[in-house]
Every structure is written in C-alpha cells, then in structure tokens.
Amino acid sequence: MAKVSHLHNWMQDLGEELLQKIQIKMTSKRYSNEEQVYGQGDEAQCLYQVKSGRVKVCNYSPSGKEMMFSVLREGDCFGEMSLIDQQSRFNHVSAMGAVELKLLPKAHFLHFYQNYPEVSQALNLMFCRRLRISFHGMEGLTLMGVRERLALTILREAESDVAGVLGIDLSQEMLGKMLNATRQSVGKELKFFESKGWIQVQYGKIVVSDADALRSGYESLLG
C-alpha cells in the first residue's frame, strides 16, 4: 500500500539536473529532541527538507492544548507556503528526537520557483493533494466518527520499514492529537481493528497485518 504521493515531497519527480541544482544550494542543520524549527508568527527565511529523523507540525489552543496536523519524515518538505505568499508562519514545527534538516534559503527557493516551471507545477500538485486531505479532515470532524478518521490516518501514514513490515510509528497519544480525540477513544478503536486481524498494536507503533481488509473498508473515504 503506497502513501498518498506528492503530499510532502514536491522534489521527488524533478529531473536529476534540476534536482542537483537545488540540492547544491541547500545547507544542513541539526536539531535536538523537541527543539523548535519555527513557530507561528515567525518570518519565513527558508524551505526545509527532512534529511533524517522526524518533525511534527502542530498548533496550540489558547489553553495550551496541542493539535498535531502531521508528522514529517525523511524526504518530506515543509515551509514553502510562507515563502510564496510572503506571510508569517501559521503553525509550529519541532523535532521529534534527533533531526537533521536541509535548508534552502528564501532567495534561492524563489529563484527556482519563478524561473523553472517544473518547480511551480510540482508545488501546485502538492498543494492540491494537501488541500484535498484538509477537506477530508474537516469533513471527518463533522461527518465521521473516530473509527473512520483513525482508519484513514493509518491508511495515509503507513509505510514499510527496512524489513518490509508495513506500519505507522505513532503512539496512541500522537494519534489522538492528530484526530482531536482522546487517547482512550483511539485505543478503543485500535482494539476493534486488532480484533479483526487488520493491525497489531505494539509499543509506539502499529503494524498493519491485513492492509487489503483495512483498505476495502475505508480507503474509499479518501476520495
């Protein structure tokens, strides 16, 4: 089962020559666990791509409650939108464990964006996919229960590890923050999926045992 393509890495289908031109303009920076990459309201200075590790994208309510939107992994890009619309950052991004990021300065990003149609086309495709997912997310909050939203998240986020095992490396607490649901309600629905033989719940990870069965029941909701 493939993840939704072109959702975070707009560089993945660029030609090798253009990709090399972009990569040579990028620098690397390391972040420690929970270190903030940028915060809501910050001025946008560069594009980021995950070289290793994971980062989370989230916002906070006035009371401090965290709402997590996504977890980005190796190869995923972020921070493009504020470079294009010249507005401040609208969310928070921080490291989940040790992370190394590639940084493309604003001036270089805008050069490629304005002078290479392949870049703007790739970004447009990525933004369309993200918007589609956002609409489904809003629809889910009003029309779907936790079970349906959880199934869609597993289908969207699951990927194979080095051993070829399909799974999602997010805790129940993290899933609850992504779904705006309690940890207890997420745990209840995971037990339902497990009773069907579709998944196995392990510490900090969910292994997808029968992707076809999970897909047949819920993937049509992705649109």
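Reading the values: the criteria
Residues numbered from 1 in each chain as written. Predicted model: local features only at pLDDT ≥ 70, side-chain atom pairs only at ≥ 80, totals over all residues. Heavy atoms only, no water. Helix = DSSP H or I, 4+ residues; strand = E, 2+ residues; numbered from the N terminus. Buried < 20%, exposed > 50% of the residue type's maximum accessible area, 1.4 Å probe, protein only. Pairing = 2+ DSSP bridges. Core = buried A, V, L, I, M, F, W, Y, C linked by side-chain atoms within 4.5 Å. Contact = heavy atoms within 4.5 Å. Arc of directions from axis to C-beta. pLDDT = per-residue confidence, 0-100.

**Some thoughts on unusual backbone geometry**
Not every positive phi belongs to a glycine, and Glu34 is a case in point at roughly 70 degrees. Relative to the helices and strands, Glu34 resides in the loop between β1 (27-31) and β2 (36-38). Judged by its relative accessible area of 65%, Glu34 is exposed. Phi at Gln86 is positive, roughly 65 degrees, even though this residue is not glycine. Along the chain, the position of Gln86 falls in the loop between α2 (80-85) and β6 (92-105).

**Some remarks on the pairing of strand β9 (residues 199-202)**
In this sheet, strand β10 (residues 205-208) lies alongside β9 in antiparallel orientation, the contact comprising 4 bridges. Paired with Val201 across the bridge in β10 is Ile206. Here β9 hands over to β10 after 2 residues, with Gly204 in that stretch at a positive phi of 70 degrees.

**A closer look at the nonpolar core**
Counting 26 residues, the largest nonpolar core has Leu150, Ile154, Leu175, Val186, Leu190, Phe193 and Leu214 as its most contacted members. Of all elements in the fold, only β4 (66-72), α5 (146-157), β8 (166-168), α6 (172-179), α7 (183-195), β10 and α8 (211-218) reach the threshold of two or more residues within this core. No other element matches the 4 residues that α5 contributes to this core. In this structure, Met11, Met26, Leu47 and Phe127 belong to the second largest nonpolar core, which totals 20 residues.

**Notes on the side chain of Ser70**
Within the secondary structure layout, Ser70 lies in strand β4. On the basis of relative accessible area, Ser70 is assigned to the buried category, the value being 11%. Setting aside residues up to four positions removed in sequence, Ser70 forms contacts with His8, Val55, Lys56, Val57 and Met178.

**Topic: helix α1 (residues 16-23)**
Taken as a whole, α1 has its buried residues at Leu18, Leu19 and Ile22. Take α1 and look down its axis: the buried residues cluster within an arc of 100 degrees, on one side only. Away from its buried face by more than 90 degrees, α1 exposes Glu16 and Glu17.

**Some thoughts on the confidence of the model for the chain**
For the chain, the mean per-residue pLDDT works out to 86, and 87% of the residues sit at or above 70. Confidence over residues 1-5 falls short of pLDDT 50; this stretch has 13 contacts with residues more than four positions distant or in other chains.

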